[in-house]
Amino acid sequence: MPAAFHQEDEFRARLDAGLWWKIFRRALHLKRYLVPLLISAVGIAVCDATYVQITRWVIDGVARDGADAPFTLYIAASFGLTLAFAVAVWVLIETAGNIAHRLAHDIRRDCFDRLLSMELAFFDTRPAGWLIARLTADCNRLANVLAWGSLDFTWGLSYLVLVAISLLLMNWRLGLLVLAVVPLLALISVYFQRKMLLSAREVRRVNSQITAAFNESIQGVRTTKSLVREQANLAEFQHLSTGMFSAAVLNARQNALYFPLVTTLGTLGAGLALWRGGYLVENAELSLGTLVAFINFAIQFFHPINQLALKLAELQSAQAAGERVLGLLAAEPAIKDTPVVLAAVAHASDSAAQSKFEIRKSKISPLAPDGLPGAIDRIEFRAVSFRYATGPTVLRDFHLRVQRGDTVALVGASGGGKSTLVSLLCRFYEPSSGQILVNGRDYRERPLTWYQSQFGVVLQTPHLFQGTIRDNIRYGRLDATDAEVEAAARLVNADEFIRRLDHGYDTPVGEGGNRLSTGQRQLVSFARALLANPQVFVMDEATSSIDTETERLIQRGLETMFAGRIAFVIAHRLSTIRRASRILVIDHGRIAEAGTHDELLRQRGHYYQLYTGQFHHEREAAVLASADR
Ligand SMILES: Nc1ncnc2c1ncn2[C@@H]1O[C@H](COP(=O)(O)OP(=O)(O)OP(=O)(O)O)[C@@H](O)[C@H]1O
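It should be emphasised that the depicted structure is a prediction, and the values quoted were computed from it without experimental measurement.

Parameters at a glance
Residues numbered from 1 in each chain as written. Predicted model: local features only at pLDDT ≥ 70, side-chain atom pairs only at ≥ 80, totals over all residues. Helix = DSSP H or I, 4+ residues; strand = E, 2+ residues; numbered from the N terminus. Buried ≥ 20, exposed ≤ 12 C-beta atoms within 10 Å, placed from the backbone. Pairing = 2+ DSSP bridges. Axes fitted to C-alpha atoms, helices over the stretch in contact; angles between N-to-C directions. Contact = placed C-beta atoms within 7 Å. pLDDT = per-residue confidence, 0-100. Left-handed = near helix turned anticlockwise from the far one by under 90°. Near = placed C-beta within 6 Å. Nonpolar A, V, L, I, M, F, W, Y, C, P; charged D, E, K, R; others polar. Core = buried A, V, L, I, M, F, W, Y, C linked by C-beta atoms within 7 Å. Expected span 1.5 Å × (residues − 1). Parallel < 35°, antiparallel > 145°, perpendicular 65-115°, else oblique.

Colleague: Quick one: what's the story with the overall build of the chain, residue by residue and with numbers?
Modeller: On a plain count of helices and strands, the chain comes out with 24 helices and ten strands. Expressed as a percentage of its 629 residues, the buried residues of the chain come to 34%.

Following this line, the structure appears as structure tokens:
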């Protein structure tokens, strides 16, 4: 795994405003929620500042008028303010939650959409776990930072501004004195919030390593004991545990230092206000209520500054997630339609041709979306060479020509390049040099979606999705009726075993199809492939042993599937190989031998050795079975 994929949580010291603006722009269409959110954040700041002013007003009123002070008015004002505060908090939580969820949903959907459009090579270089983390943790994190961050920033800034204005308006000299502690407070807050965030993250990181170590040790306890690795495991664990201890202690120490420091600074501001303000009150230059307001504001200053510093640290720490998500959203598929193909499709869509093309309809469309014939009669590999992004050349100067009706069996030693060949054929990858021609035209000059929709691919361990057998077959063509689903199953001989199951076609297949045997899964995937009525079949035969009954069903199913189509089979079974119109022995990315079963046996070359070695037992079993009959 490339090292870059491990650096999930690096803390960016510099805030990239451009990046955050790009992400924030994605939230702009949520104006319906964003505007009330920002208004309510400002509203709460106004309420906070007004509370202090009301207290001032009450104190001055009582000092001036005594029992004649308008207490009903004070109570009404306090009550009104509390009500306004409650409404603002409600709007704020409602809208921030809404924005966070909607944003996460939008970003996740766009990322997933982008992922699906990427070619296989993209997935070769990015581990599945890494991609899943982008779609889950990163998307949620960005959405939360944006929604709650906008809220806290707006509140913090508005409150700070309101307090500063109030102080300066009440008494600008005293105001300036109290405000003098703000820069120091801000510096300390920014410094500590960063440090605390980093140490808290370290605690989480080591904690997850400890959980993984517990899990591994408990699951692998037999191996540990049999290899007498207890002491070594304990030493490794001790190391992790010490790491966690140090990080946790550091975090606690930072917390212990930060909060007394900022509250002391707040109190220092209040002290300054009291010292100068008390003197002014004594000289009747300042009312008692104003002095109390000064003290209250000075003590509360810490909250918005703390919030702003915290959100700043969170933005910095989420920046890496932002870069990764934006990077994913900006990724361009390497395999896609060229402008020429797009123009041809656009041109054809103006004519009647387009209306005749519909992906996965049961009949082959006479015309493809680019206006060219929709039937695939001939496929040719012309001087194809290929290498993956990493590693040596896998296919070298490969030539092959197949016609409709041909069944090509690919055999050969592991790593020879059989799967690579069919991946190129399906255009999951494109040749590094040379061409693959469809009816004589480079397949890169034909629409990608149309081309791939003409393929039915059955993998060695076919993947079935959670759901019933019927759902899984219908996945081949979503608009197929029940009758069509069952007809496809009958054609490939899957119907027989399906009907024997407790709930027939409505039997759930379990996660990944684990309630069915490999052979049964293959039969279901044959039916699924056949339902889509592809023109080219690609199949990787299961290597695991399949009972003779299922084997018989599969062979008959294959005959139906391959009739009148082009078929490529990475063949492991003798019966398939014998039936193939051509057998290719692939060795080190080249065709070592080609011919029919009998021709190749006569040559006494690679195939002969393979046959007498790998297929020997199978042949003997077949002979014995026929002798028994
Ligand atoms: N995604 C990939 N990235 C890099 N190299 C790959 C990739 N897939 C296959 N290879 C390499 O390409 C070579 C051919 O592999 P391929 O899977 O095509 O052989 P194969 O004949 O199908 O083997 P098997 O019968 O074991 O499936 C091997 O050396 C393999 O390591």
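Colleague: Can you lay out the sheet that holds strand β6 (residues 455-458) for me, pointing to particular residues and giving the numbers?
Modeller: Reading across from one edge, β6-β7-β8-β3-β9-β10 is the order of the six strands in this open sheet, with mixed pairing throughout. Each edge of the open sheet is held by one strand with a lone partner, namely β6 and β10 (590-595). Averaged over neighbouring strand pairs, the angle between their axes works out to 20° when direction is ignored. With five bridges connecting them, strand β9 (residues 582-587) and β10 associate as antiparallel partners. Note that in β10 the partner of Leu584 across the bridge is Ala594. Contacts from helix α14 (residues 418-425) reach β3 (407-411), β7 (536-540), β8 (566-570) and β9 within the one sheet, and its direction differs from that of β8 by about 150°. Strands β3, β9 and β10 of the sheet are contacted by helix α23 (residues 606-613), whose axis makes an angle of about 95° with β9.

Colleague: Before we move on, could you go through the confidence of the model for the chain and cite the residues and values that matter?
Modeller: Mean pLDDT for the chain: 84, with 92% of residues reaching 70 or above. pLDDT under 50 marks residues 1-9. Its contacts with residues more than four places away, or in other chains, come to six contacts. Per-residue pLDDT stays below 50 along residues 353-362; that stretch engages in 22 contacts with residues further than four places along the chain or on separate chains. Interface scoring of the predicted complex returns ipTM 0.96; its pTM is 0.69.

Colleague: Could you give me a rundown of the packing of helix α2 (residues 31-65) against helix α5 (residues 128-170), with the residues and numbers involved?
Modeller: Interhelical geometry of α2 versus α5 gives an angle of 35° and a closest axis separation of 8 Å. Note on packing geometry: the crossing formed by α2 with α5 is right-handed. Contacts between α2 and α5 involve Leu37, Leu38, Ala41, Val42, Ile44, Ala45, Val46, Asp48 and Ala49 from the former and Ser150, Leu151, Thr154, Trp155, Ser158, Tyr159, Leu162, Val163 and Ser166 from the latter.

Colleague: Help me get a handle on the site of the ligand, residues and values and all.
Modeller: Inspection of the region around the ligand gives Asp124, Tyr388, Thr390, Gly391, Val394, Ser414, Gly415, Gly416, Gly417, Lys418, Ser419 and Thr420 as its neighbouring residues. Counting residues per element, the shell around the ligand draws most heavily on α14, at three residues. Residue composition of the shell around the ligand, grouped by class: two nonpolar, eight polar and two charged.

Colleague: Tell me about the nonpolar core, and please be specific about residues and values.
Modeller: Residues Leu410 and Ala527 are the most contacted members of the largest nonpolar core, which totals 68 residues. Top contributing element to this core by residue count: helix α19 (residues 518-531), with seven residues. Apart from the residues lying within four places of it in its own chain, the contact partners of Leu410 are Lys418, Leu421, Phe568, Val569, Ile570, Ala571, Leu584 and Ile586. In terms of nonpolar packing, the next biggest core, distinct from the first, is built from 62 residues, Ile99, Ala104, Ala143 and Leu160 among them.

Colleague: I'd like a description of the sheet that holds strand β1 (residues 378-387), backed by residues and values.
Modeller: If you walk across this open sheet you meet the four strands as β2-β1-β4-β5, and the pairing is antiparallel. Two strands bound the open sheet, and with one partner strand each, they are β2 (393-403) and β5 (441-442). One ladder, built from seven bridges, connects β1 with β2; its direction is antiparallel. Bridging across to β2, Phe386 finds its partner in Leu395.

Colleague: Now, about α19: what can you tell me, with residues and values included?
Modeller: Given a rise of 1.5 Å per residue, 14 residues ought to cover 20 Å, and the 20 Å separating the end C-alpha atoms of α19 matches this to within 8%. Along α19, twelve of the 14 residues are buried, which leaves the element largely enclosed by surrounding structure. All of the buried residues along α19 are Gln520, Arg521, Gln522, Leu523, Val524, Ser525, Phe526, Ala527, Arg528, Ala529, Leu530 and Leu531. Against the buried residues of α19 lie β6, α16 (469-474), α17 (482-491), α18 (495-500), β7 and α20 (548-562). Looking at the residues trailing α19, positive phi occurs at Asn533, about 50°.

Colleague: For unusual backbone geometry, give the residues involved together with the corresponding values.
Modeller: The backbone of Asp397 sits at a positive phi, close to 40°, despite the residue not being glycine. Topologically, Asp397 is positioned in strand β2. The backbone of Asn493 sits at a positive phi, close to 65°, despite the residue not being glycine. For Asn493, the location among the structural elements is in the loop between α17 and α18.

Colleague: Report on the pairing of β1, specifying residues and quantitative values.
Modeller: Taking the residues between adjacent antiparallel strands as the criterion, β1 and β2 are bridged by five residues, where Gly391 takes a positive phi near 100°. Pairing geometry for β1 and strand β4 (residues 433-438), over five bridges, is antiparallel. Each bridged residue has a counterpart across the sheet, and for Arg382 the counterpart in β4 is Gln435.

Colleague: Go over the packing of helix α9 (residues 230-282) against helix α10 (residues 288-300), please, and point to the residues and values.
Modeller: A pair of packed helices is captured by two measures, namely the crossing angle of their axes and the spacing between those axes. Close contact between α9 and α10 brings their axes to 8 Å; oriented N to C, the two are set at 165°. Here α9 lies roughly antiparallel to α10, going by the angle between them. Here the hand of the crossing between α9 and α10 comes out right-handed. Within the contact between the two elements, α9 uses Gly266, Thr267, Gly269, Ala270, Ala273, Leu274, Gly277, Gly278 and Val281 and α10 uses Leu288, Leu291, Phe294, Ile295, Ala298 and Ile299.

Colleague: Before we move on, could you go through the environment of Met118 and cite the residues and values that matter?
Modeller: Within the secondary structure, Met118 is located in the loop between α3 (71-117) and α4 (120-124). For Met118, a count of 18 C-beta atoms within 10 Å gives the class partly exposed. For the pair Met118 and Ala334, spaced 216 residues apart in sequence, the C-alpha to C-alpha distance is 7.3 Å.

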